[in-house]
Amino acid sequence: MEHASDVGLYGLAVMGRNLALNILDRGFRLCVYNRSPERAEEFLAEHGAAYPGLCRAASAEELVAALARPRRLILMVKAGEAVDEALLQLLPLLAPGDVVLDGGNSHHRDTERRAALAAPRGVHFVGLGVSGGEEGARNGPSLMPGGDPAAWPLVRPLLESIAAKTASGEPCVAWMGPGGAGHFVKMVHNAIEYADMELIAEAYQLLRSYVRASHDEMRTVFAEWNKTELASYLVGITADVFGVMDEDGEPLVEKVLDSAAQKGTGAWAAEAALELGSPAGLLAEAVFARDLSALKDERMGASAVLGGPKAAPTGERQAMIEDLRRALLAAKIIAYAQGFQLLRRASAEWRWGLDLASVALVWREGCIIRSAFLERIAEAYRREPGLPNLLVDAYFKALLDQCMPALRRVAARAIESGAPAPAFSAAVAFYDGYRSTWLPANLLQALRDRFGAHGYERVDRPRGESFHSEWK
Ligand code: NBP
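All values derive from a computational prediction rather than experimental measurement.

(A) Fine view of the overall build of the protein. Scanning the protein for helices and strands turns up 19 helices and seven strands. Taking 472 residues into account, the globule formula puts the C-alpha radius of gyration at 23 Å, and the protein, at 25 Å, falls close to it. With the C-alpha coordinates of the protein rotated into their principal frame, the extents come out at 75 × 70 × 45 Å. Taken over 472 residues, the protein has a buried fraction of 50%. Of all intrachain contacts in the protein linking residues separated by at least 6 positions in sequence, the fraction that spans at least 24 positions is 70%. For the protein, the computed accessible surface area is about 21,700 Å², with 55% contributed by carbon and sulfur atoms. Separation between the mean location of the 51 positive side-chain charges and that of the 60 negative ones in the protein comes to 4 Å.

(B) How the structure looks around the site of the ligand. Every one of the 21 residues lining the ligand counts as a neighbour, but Met15, Asn34, Ser36, Arg39 and Glu85 are closest to it. Separating an oxygen atom of the ligand from a backbone N or O atom of Ala79 is a distance of 3.4 Å. Here an oxygen atom of the ligand and a backbone polar atom of Asn105 are 3.0 Å apart. About the coverage of the ligand: the protein hides 80% of its 920 Å² of free accessible area. Contributions of two or more residues to the shell around the ligand are made by helix 1 (14-25) and helix 4 (81-90). Residue composition of the shell around the ligand, by class: 10 nonpolar, six polar and five charged.

(C) Structural view of empty space enclosed by the protein. Overall, the coordinates contain one cavity of 30 Å³ or more when judged by the stated rule. For the largest cavity, the calculated volume is near 40 Å³. Taken together, Asp196, Ile200, Leu230, Ser232, Leu234, Val235, Leu328 and Lys332 make up the full set of residues lining the largest cavity. Listing elements by their share of the lining of the largest cavity, those giving two or more residues are helix 8 (181-209), helix 10 (233-242) and helix 14 (317-350). Its residues assigned to classes, the lining of the largest cavity shows five nonpolar, one polar and two charged.

(D) Quick look at the pattern of salt bridges. Under the criterion given, the structure shown has 34 salt bridges. Ionic pairing is found between Glu275 and Arg109, a salt bridge with its closest N-O pair at 2.2 Å. Of this pair, Glu275 sits in helix 11 (residues 265-276) while Arg109 sits in helix 5 (residues 108-118), and the two are 166 residues apart along the sequence. Accessibility expressed as a relative area gives 47% for Glu275, which makes it partly exposed. Assessed through its relative accessible area of 40%, Arg109 is described here as partly exposed. A salt bridge links Glu375 to Arg364, with the nearest nitrogen and oxygen atoms 2.9 Å apart. Highlighted residues: Glu375 in helix 16 (residues 373-383) and Arg364 in the loop between helix 15 (356-362) and helix 16, separated in sequence by 11 residues.

(E) Spatial organisation of a nonpolar patch on the surface. Together, Leu443, Leu447 and Phe451 give the surface a local cluster of nonpolar side chains, amounting to about 340 Å² of exposed area. Its location among the elements puts Phe451 in helix 19 (residues 441-452).

(F) Structural detail: the environment of Ala181. Relative to the assigned elements, Ala181 resides in helix 8. Separated by 82 residues in the primary sequence, Ala181 and Lys263 place their C-alpha atoms 20 Å from one another. Contact partners of Ala181, with chain neighbours within four places excluded, come to Met176, Trp352 and Leu354.

(G) Structural detail: the packing of helix 9 (residues 215-225) against helix 10. As a packed pair, helix 9 and helix 10 sit with axes 8 Å apart at the nearest point and diverge in direction by 160 degrees. The angle between helix 9 and helix 10 places the two elements in the roughly antiparallel class. Where helix 9 crosses over helix 10, the two elements pack in a sense that is left-handed. Two secondary-structure elements touch here, helix 9 through His215, Met218, Arg219, Phe222, Ala223 and Trp225 and helix 10 through Val235, Thr238, Ala239 and Phe242.

(H) Layout of the layout of surface pockets. Roughly 2,100 Å³ of internal volume is contained in the largest pocket. The wall of the largest pocket is formed by 46 residues, among which Ala201, Tyr204, Gln205, Asp258 and Ser293 lie closest to the centre. Of all the secondary structure elements, the ones that give two or more residues to the lining of the largest pocket are helix 8, helix 10, helix 12 (281-294) and helix 13 (296-303). Among the elements that make up the lining of the largest pocket, the one with the highest residue count is helix 8 (10 residues).

How each quantity is defined
- Residues numbered from 1 in each chain as written.
- Predicted model: local features only at pLDDT ≥ 70, side-chain atom pairs only at ≥ 80, totals over all residues.
- Heavy atoms only, no water.
- Helix = DSSP H or I, 4+ residues; strand = E, 2+ residues; numbered from the N terminus.
- Rg over C-alpha atoms; globule rule 2.2 N^0.38 Å.
- Buried < 20%, exposed > 50% of the residue type's maximum accessible area, 1.4 Å probe, protein only.
- Contact = heavy atoms within 4.5 Å.
- Areas by Shrake-Rupley, 256 points an atom, 1.4 Å probe, with all protein chains shown as cover.
- Lys, Arg positive; Asp, Glu negative; His and termini not counted.
- Charge placed at Lys NZ, Arg CZ, Asp CG, Glu CD.
- Near = heavy atom within 4 Å.
- Polar contact = N/O pair within 3.5 Å; in protein donor to acceptor, adjacent residues only side chain to side chain.
- Nonpolar A, V, L, I, M, F, W, Y, C, P; charged D, E, K, R; others polar.
- 1 Å grid on protein atoms, 1.4 Å probe; cavity = no way out; pocket = protein on both sides within 12 Å on 5 of 7 lines; lining within 4 Å.
- Points joined across faces, edges and corners; volume = space filled by probe spheres on them.
- Salt bridge = Lys/Arg side-chain N within 4 Å of Asp/Glu carboxyl O.
- Patch = residues over 30% accessible without salt bridge, like charges linked within 9 Å, V, L, I, M, F, W, Y side chains within 5 Å.
- Axes fitted to C-alpha atoms, helices over the stretch in contact; angles between N-to-C directions.
- Parallel < 35°, antiparallel > 145°, perpendicular 65-115°, else oblique.
- Left-handed = near helix turned anticlockwise from the far one by under 90°.

Following this line, the structure appears as structure tokens:
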């Protein structure tokens, strides 16, 4: 087994197992290791015969000894302490020039801390964003590597080989940047995924409650929307979900408890947006909407106490469905605009030099937010790499001109009829805020100066000059 393997994989839960098969299918010799030996034993028993290039290590020492140098070792363990424990175990065994890639959903700051731990040994630590769930890992994920740039040439052939490919054969992987850039981009991907899903859920709620569409109709509506600018993996699988019936013939989705979970990356993105001062209310609302849904028992109690409108809005059905399609498209553009604005802020703050066109291209296939729409985002950043916000790109501005009136109607109808649509509402608020030449922040500044002598700038003086007044 000595030095026989091209790649090592540490961690054989759902993602690790699927990634292992993907790596083997691309012709790499792979050595696998898992903390509990049963998982690795089972994996070898199941797949050893089909893949002669597969071997199993019984310890971290054996895993490291099995790898050709410079070693390429992917960690696919639970994000958090497990990554630290695995890295501390491996570091003393590794040599200068070896590369460790953390394929989990780690926080970008943890990645930077770990890279600093690995650097004195000459070991390159790469934060590798992996998207697409188990299906992506198996058939080709979207990959977002970042960290020590010296590692890129060493891992590029492997990552390009296992990544998802576009229709024209381009691999959905690109070097994101130094430090925690790869994991930060993956975190923003997840925040956009949360927003995409919440907007779809709000459209479903309104189709159900005020268009009173049947599940069969909703399946058709989403399948039709999937042929428009909304064409995407998530819209496609939404149509599928409406077509699945429970044993009693009722739509299965209605049997699912309305209490959503979250694993943390969406919340991290909202925290990063707050930290960097990058307005991302829609992305944050998508996380809070899950948190609110999880208060199921409290909501049940409050529904008996708090009043609100009951009447469903009326209107012509087809016109309302088309309004919902346009509202979904406009709000989706705004969600992506907030996500890319956050990436731009982070890149400027930490000097990552993120190529936003390249980020959009990497998400075109393999990941959960994959869609044709991302090609348009890439084009926008190719046209103008310094674009301040996607909303002002000519292509997206034209779509927003067509769709914003519908988004306003949908958000207003939702509010009037008492249907919570926080993401649609946040989308309108961001759009209007971003296009305002004047916001009431002058009063905020005056109040801050009144109670805390924070100072303020004046409209009739150059920026940067601070004034203080007696407001009493
Ligand atoms: P899990 O996140 O469920 O982690 C299980 C793996 O971590 C097992 O191999 C387990 O070993 C190992 N592990 C743990 Br727990 N503690 C350990 C420790 N102290 N030392 C060494 N190994 C330890 O696996 P997953 O769902 O395959 O996800 C892997 C990573 O990929 C996570 O960061 C996840 O967030 C990310 N991710 C997941 C998805 C998805 O769809 N599931 C998508 C994208 C990214 P054991 O067998 O001995 O317990």
